[in-house]
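Architecture at a glance
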2 protein chains.
Amino acid sequence: MTAEKTPGRKRRGAGRVTLNTVAKQAGVSAITVSRYFNQPEQVSPERRERIAAVVNELGYVPNLVAGGLASARGKIVAMVIPNISGPIFANTIQGFSDTLSRHGYQLLLASSYFSLEQEENAVRAFLGWSPAALVLTSHFHSAGTEKMIAETDIPVIETWDYQPERDPVQIGFSHYEVGVAAARYLHGKGYRRIAFVQNSAAGDLSALERRDGYTATILELGLEPWVFTPDADRAPFEAGKQAMDALMNAALRPDAIIFANDNLAAGGLLAGQRAGLKVPEGCAVLGFGDYPFAEMLLPSLSTIKPPALEMGVMAATRVLESLGELPVEHEVSRLNLLECLLIERESA
Amino acid sequence: MTAEKTPGRKRRGAGRVTLNTVAKQAGVSAITVSRYFNQPEQVSPERRERIAAVVNELGYVPNLVAGGLASARGKIVAMVIPNISGPIFANTIQGFSDTLSRHGYQLLLASSYFSLEQEENAVRAFLGWSPAALVLTSHFHSAGTEKMIAETDIPVIETWDYQPERDPVQIGFSHYEVGVAAARYLHGKGYRRIAFVQNSAAGDLSALERRDGYTATILELGLEPWVFTPDADRAPFEAGKQAMDALMNAALRPDAIIFANDNLAAGGLLAGQRAGLKVPEGCAVLGFGDYPFAEMLLPSLSTIKPPALEMGVMAATRVLESLGELPVEHEVSRLNLLECLLIERESA
DNA sequence: ACTAATGATGTTAGCGCTACCAAAGCGCTT
DNA sequence: AAGCGCTTTGGTAGCGCTAACATCATTAGT
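How each quantity is defined
- Every chain's residues receive numbers from 1 upward, in the order its sequence appears when written.
- For naming, the first written chain is A and the first written ligand is 1, with later ones following in the order written.
- Only residues with pLDDT of at least 70 get local features here, since the model is predicted, and only at 80 or more are side-chain atom pairs given and counted; chain-wide, interface and lining totals rely on the full set of residues.
- Computation of side-chain values covers all heavy atoms of the structure but excludes hydrogens and water.
- Each pair of strands is called paired provided DSSP finds at least two bridges between the two strands.
- Only DSSP runs of H or I reaching four residues or more are called helices, and only runs of E reaching two or more are called strands; each is numbered from the N terminus.
- Only the stretch in contact is used when fitting a helix axis, every axis being a line fitted to C-alpha atoms; angles between N-to-C directions are given from 0 to 180 degrees.
- In what follows, residue pairs with any heavy atoms lying within 4.5 Å of each other are defined as contacts.
- To form a nonpolar core, buried Ala, Val, Leu, Ile, Met, Phe, Trp, Tyr and Cys residues must be joined to one another through side-chain atoms within 4.5 Å.
- Between buried and exposed lies partly exposed: a residue is buried under 20% and exposed over 50% of the maximum accessible area for its type, with that area taken using a 1.4 Å probe on protein chains only.
- Roughly parallel means an angle under 35 degrees; roughly antiparallel, over 145; roughly perpendicular, 65 to 115; everything else is oblique.
- Crossings are sorted by hand: turned counterclockwise from the far helix by less than a right angle, the near helix makes the crossing left-handed, and turned clockwise it makes it right-handed.
- The classification used treats Ala, Val, Leu, Ile, Met, Phe, Trp, Tyr, Cys and Pro as nonpolar, Asp, Glu, Lys and Arg as charged, and all other residues, Gly among them, as polar.
- By buried area we mean the combined loss of accessible area, with a 1.4 Å probe, across both parts when two parts are placed together.
- Salt bridges are defined by distance alone: a side-chain nitrogen of Lys or Arg within 4 Å of a carboxyl oxygen of Asp or Glu.
- By convention, a stacked pair of Phe, Tyr or Trp rings (six-membered ring in the case of Trp) has centres within 6.5 Å and planes under 30 degrees apart, an edge-to-face pair has planes over 60 apart, and any other such pair is tilted.
- pLDDT is defined as a per-residue confidence score from the predictor, taking values between 0 and 100.
- Least-squares superposition of the copies uses the C-alpha atoms of those residues scoring a pLDDT of at least 70 in each of them.
- To estimate the expected span of a helix, subtract one from its residue number and multiply by 1.5 Å.
- Domain ranges listed in this record stem from an automatic or a database domain assignment.
- In protein, a polar contact means a hydrogen-donor-capable atom and an acceptor-capable atom, both N or O and within 3.5 Å, with residues adjacent in sequence counting only if both atoms are side-chain atoms; elsewhere, any N or O pair within 3.5 Å suffices.
- The definitions used throughout rest on a 1 Å grid laid over the protein atoms alone, on which a cavity is an enclosed set of points accommodating a 1.4 Å probe that cannot get out and a pocket is an open set flanked by protein within 12 Å on both sides along at least five of seven lines; lining residues are those having an atom within 4 Å of a point.
- Grid points are joined across faces, edges and corners, and a volume is the space filled by probe spheres set on the points.

**Digging into the sheet that holds strand E3 (residues 133-137) of chain B**
Taken together, 12 strands build an open sheet; the order of strands is E11(A)-E5(A)-E4(A)-E3(A)-E1(A)-E2(A)-E2(B)-E1(B)-E3(B)-E4(B)-E5(B)-E11(B) and the sheet is mixed. Looking at strand neighbours, the two that pair on one side only are strand E11 (335-337) of chain A together with strand E11 (335-337) of chain B, the edges of this open sheet. Averaged over all pairs of adjacent strands, the angle between their axes in this sheet comes to 20°, without regard to strand direction. Here strand E1 (residues 76-81) of chain A pairs with strand E2 (residues 106-111) of chain A via six bridges, running parallel. Within the sheet, the bridge partner assigned to Ile81(A) lies in E2(A) and is Ser111(A). Along the sheet, helix H5 (residues 87-101) of chain B contacts E2 of chain A together with strand E1 (76-81), strand E2 (106-111) and E3 of chain B; its crossing angle with E1(B), the most-contacted strand, is approximately 175°.

Put into structure tokens, the structure is as follows:
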């Protein structure tokens, strides 16, 4: 029944079901079918019904690429995140994606592995899809990325950090304050030789801010900062073991250790236990991230829980608000500071 | 310098930098600039250089939406996965995404939460973006989804399972055989009262296949199957605890337990330990998934590791091959059976 | 030297959809 | 009865790009 009468040379999308096919079949104009999908309330009920029947019969799927081109805004949102499989970022992605998909937006995702160059490439490619919004992680970007986000007119959101003086919408928390809180908490518990174990993964610049918060606070408390840096090429779990072994063999052992994340902390915990160390009596252990296994360890791991899921949901909410898909509560704020939660378990 | 001379009424994408802007500025035709991006080897070096300079100066970013419409194939690949934040699927996504992005393809991602309806919605929306390929999880789909994947002409790949008789490309492993292997392994170790703890999450149909493999094998070995199903509304970790408590209070305790996944197993392990149970002497524990924390537990968790990352990489490879982006090794096979690995640690 | 083959570049016509306007239909007021 | 505002519908002209073909310059072949 596909009556192709075009005589000439060019026939690319032959015989595909398009808006026009549906329109003809339903006896309405193309634009009406378009409205049926985008502003159904503007189409009379009878036509809606007729169009629905035809759509169903033909199995028509709207071509969003064409729609995106015509309207210059696709229902798609781009996100670049350091890595997808990390236990914490995953929650942010999930919260973001789910909130968006409830409103018919799709997620375009890429990981940067903390590489600014990879981030830039991803952003460039994404902008070519003219997404409705762009979500990045942290405020550390290459010059090229900065240029692009300054020039684009779509909303840009930065998560997982919080820099009041920056221009894009900020949804995050202060890593520096996390370092401060960790040091103060252990100090309050009576610990005095508090060490900090750095992230072995290069490029995680936010982790350095946590360390800086720690260092500053320790000095302020009149104690001595003590930062241990594992070998850069070790996996986090192994790096944690290395750190614990090294610290326990030091002349003057620490009585508490802050690990830059829970993976490191778990490694430290296990190495300590295998060496007969009692936690927290012999040495307290505090992590960061509240990874899913933190409560599964023995002793369970005290840690600082970042608002990972909340950031994803809030990022999506801000995006939807600025697209007019969601009523704006209060006033869209450029600065959204969320709180971390210190979860006190057995290890500290 | 943006000389707009169009007199008429419609001006939508006003003053945006397009292919044409670049072309004029560089003194070449639009198609040459297009070639510069898509088949650079067809453009002479001098022009390449000139175009590169202009692109850089204007900060031009190709509009992939327009390109996708014109060429009827966007450099985008869609994936639907049960959930993004699960520790195992995350690896598949990561492997998939990374392999693709190395070839300039972007990832469109959605999660279905094991809901066939949500999967169908995601697939429908994705097809509208005319992706280069579509990747799904498992072979359980709604009728609507089946219809769409039958009618579309883009490659469809199913991962995380393996059904030889199905049409789409299969990349996965046999869940049934995992159940068989788990039962055999414990039997070989001398255990005789082997229980199986089901997944509390409804909708994970693959988990049921693992159970079936277990049941069949246990019967074949002349033992008695024993399947425990936790309350459906419990989080996995809690469900594992519940299962362990219940099984340990049974009249005749099991001497080994297979948990449908590592989260359940971790809960079981912890509940057992808190109750003074020695693992594996009192009761062996075997998980599934090799979640990152499996080696961090005490005792470390024996488990079956699915080829999560490999499936992602292989899915991407097959996609790229069928798009002609990658030389085809051997012959593109529709059936790709990968192996799980039983990782023997301390718990079983 | 003349034609054929090759490679680089340009011209034209859409891809399938929506923005923009215009117009028609309807109930109501004055 | 004419005018007004409102809703519903349709016609037209692109959105920015690339496929397909056409053209031109260059080189090779006899």
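**As for the nonpolar core**
Taken as a class, soluble globular proteins show a tendency for nonpolar side chains to be buried jointly. The biggest cluster of nonpolar side chains holds 146 residues, and the ones touching the most others in it are Phe96(A), Leu186(A), Phe96(B) and Leu186(B). Leave out the neighbours within four places in its chain, and Phe96(B) touches Val77(B), Met79(B), Leu107(B), Val135(B), Gly312(B), Val313(B), Ala315(B), Ala316(B) and Val319(B). Judged by nonpolar contacts, the second largest core, of 34 residues, contains Ala122(A), Met148(A), Val123(B) and Leu127(B).

**Let's talk about the packing of helix H6 (residues 116-127) of chain B against helix H7 (residues 143-151) of chain B**
Residues and elements named next belong to chain B. Interhelical geometry of H6 versus H7 gives an angle of 30° and a closest axis separation of 8 Å. Considering their axes alone, H6 and H7 lie roughly parallel with respect to each other. Between H6 and H7 lies a crossing of left-handed hand. Contacts from Leu-116, Glu-119, Glu-120, Val-123, Arg-124 and Leu-127 in H6 reach Gly-144, Thr-145 and Met-148 in H7. For the contact of H6 with H7, the residue count by class is four nonpolar, two polar and three charged.

**Observations concerning the interface of chain A and chain B**
Between chain A and chain B, the contact holds 51 residues from the first and 52 residues from the second. Across the chain A to chain B interface the summed buried area is about 4600 Å²; carbon plus sulfur atoms make up 62%. When residues of chain A are sorted by the area they lose upon contact with chain B, Val65(A), Trp129(A) and Met296(A) head the list and together hold 17% of the total. On inspection of chain A and its partner chain B, the count reaches two salt bridges. For Glu346(A), the salt bridge goes to Arg274(B), with nearest N and O atoms at 3.4 Å.

**Digging into the packing of aromatic side chains**
Applying the stated rule across the entire model yields 18 aromatic pairs over all chains. Between the aromatic rings of Phe89(A) and Trp160(A), the centroid separation amounts to 4.9 Å while the plane-to-plane angle is 65°, which identifies the pairing as edge-to-face. You can see Phe89(A) sitting in helix H5 (residues 87-101) and its partner Trp160(A) sitting in the loop between strand E4 (156-159) and strand E5 (169-172), a full 71 residues away along the chain. What makes Phe89(A) buried here is its relative accessible area of 10%. Relative to Phe293(B), the ring of Tyr291(B) lies with its centre 5.8 Å away and its plane at 80°, an arrangement referred to as edge-to-face. For the pair shown, Tyr291(B) and Phe293(B) are each scored as buried. Site record: aromatic cluster; members linked through ring pairs are Phe89(A), Phe114(A), Trp160(A), Phe173(A) and Phe288(A).

**Let's talk about the confidence of the model for chain A**
Model confidence for chain A is summarised by a mean pLDDT of 90, while 95% of its residues fall at 70 or above. Here residues 1-11 of chain A is a poorly scored stretch, pLDDT under 50, and it has four contacts once near neighbours within four places are set aside; other chains count.

**Concerning the environment of Leu342(B)**
All names here are of chain B. Mapped onto the elements of the fold, Leu-342 is located in strand E12 (residues 341-343). Leu-342 sits 98 residues away from Met-244 along the chain, and the two C-alpha atoms are 22 Å apart. Excluding residues that lie within four positions of it along the chain, Leu-342 makes contacts with Ala-181, Tyr-185, Thr-303 and Ile-304.

**Some points on the relation of the copies chain A and chain B**
Expressed as a screw transformation, the operator carrying chain A onto chain B has a rotation angle of 180° and an axial translation of 0.0 Å, and the superposed copies differ by an RMSD of 0.1 Å. Taken together, the rotation and translation relating the two chain copies correspond to the operation of a two-fold axis. When C-alpha positions in chain A are compared against the rotation axis, the closest is assigned to Leu108(A), at 2.3 Å.

**Some details on the pairing of E3(B)**
Residue and element names in this part refer to chain B. For E3, the buried fraction is high: five of the five residues fall into the buried class. Of the two faces of E3, the one holding Ala-133, Val-135 and Thr-137 and the one holding Leu-134 and Leu-136 are both buried throughout. Summarising the sheet, E1 and E3 pair through three bridges and their orientation is parallel. By the bridge assignment, Ala-78 is partnered in E3 with Leu-134. Judged from the four bridges that link them, E3 and strand E4 (residues 156-159) form a sheet pairing that is parallel. Within E4, the residue paired with Leu-134 across the bridge is Val-156.

**Looking at helix H10 (residues 236-248) of chain B**
Between its first and last C-alpha atoms H10(B) spans 18 Å; for 13 residues at 1.5 Å apiece the expected length is 18 Å, and the two agree. Elements in contact with the buried residues of H10(B): strand E6 (194-197), strand E7 (227-228), strand E8 (256-259), helix H11 (262-274) and strand E9 (284-288) of chain B.

**Structural notes on the domain arrangement of chain A**
Residue and element names in this part refer to chain A. With domains assigned, chain A is organised as domain 1 (19-62), domain 2 (71-173 + 309-338) and domain 3 (175-305). Each of domain 2 and domain 3 has a C-alpha centre, and these two points are 30 Å apart. Across the boundary between the two partners, domain 2 contributes 10 residues, which contact 12 residues of domain 3. Across the domain 2/domain 3 interface, buried area totals approximately 920 Å², and carbon plus sulfur atoms make up 69% of it. Along the contact surface separating domain 2 from domain 3 lie two residue pairs in polar contact (both at pLDDT 80 or more). Here the residues of the side of domain 2 that touches domain 3 sort into six nonpolar, three polar and one charged.

**Observations regarding the side chain of Gln106(A)**
Here Gln106(A) lies in strand E2. Gln106(A) has contacts with Lys75(A), Ile76(A), Val77(A), Leu108(B), Ala125(B), Phe126(B) and Trp129(B), leaving out every residue within four places of it along the chain.

**Focus on empty space enclosed by the protein**
Residue and element names in this part refer to chain A. On inspection of all chains with the given rule, the structure shows six cavities of 30 Å³ or more. Of the pockets and cavities examined, the largest cavity occupies roughly 70 Å³. Along the walls of the largest cavity sit Val-178, Gly-179, Ala-182, Phe-196, Arg-210, Ile-258, Phe-259, Ala-260, Gly-287, Phe-288 and Ile-304, which together make up its complete lining. Elements that contribute at least two residues to the lining of the largest cavity include exactly helix H8 (175-188), strand E8 (256-259) and strand E9 (284-288). Here the lining of the largest cavity gets three residues from one element, more than from any other, and that element is H8.

**Description of helix H12 (residues 308-322) of chain A**
Look at H12(A): 21 Å from first C-alpha to last across 15 residues, which is about the 21 Å you get at 1.5 Å a residue. Elements that come into contact with the buried residues of H12(A) comprise E1, H5, strand E3 (133-137), E4, E5 and E11 of chain A.

**Some words on the sheet that holds strand E12 (residues 341-343) of chain A**
Two modes of strand pairing occur in sheets, parallel and antiparallel, and in both the strands are linked by backbone hydrogen bonds. Residues and elements named next belong to chain A. Pairing in this open sheet of six strands is mixed, and the strands run E7-E6-E8-E9-E10-E12 from one edge to the other. Across the chains shown, the open sheet's two edge strands, defined by having one partner strand only, are strand E7 (227-228) and E12. Sheet analysis places strand E6 (residues 194-197) next to E8, joined by four bridges and oriented parallel. The partner of Val-197 across the bridge, within E8, is Phe-259. Across the sheet, helix H10 (residues 236-248) touches E6, E7, E8 and E9, and the angle it forms with E8 is around 155°.

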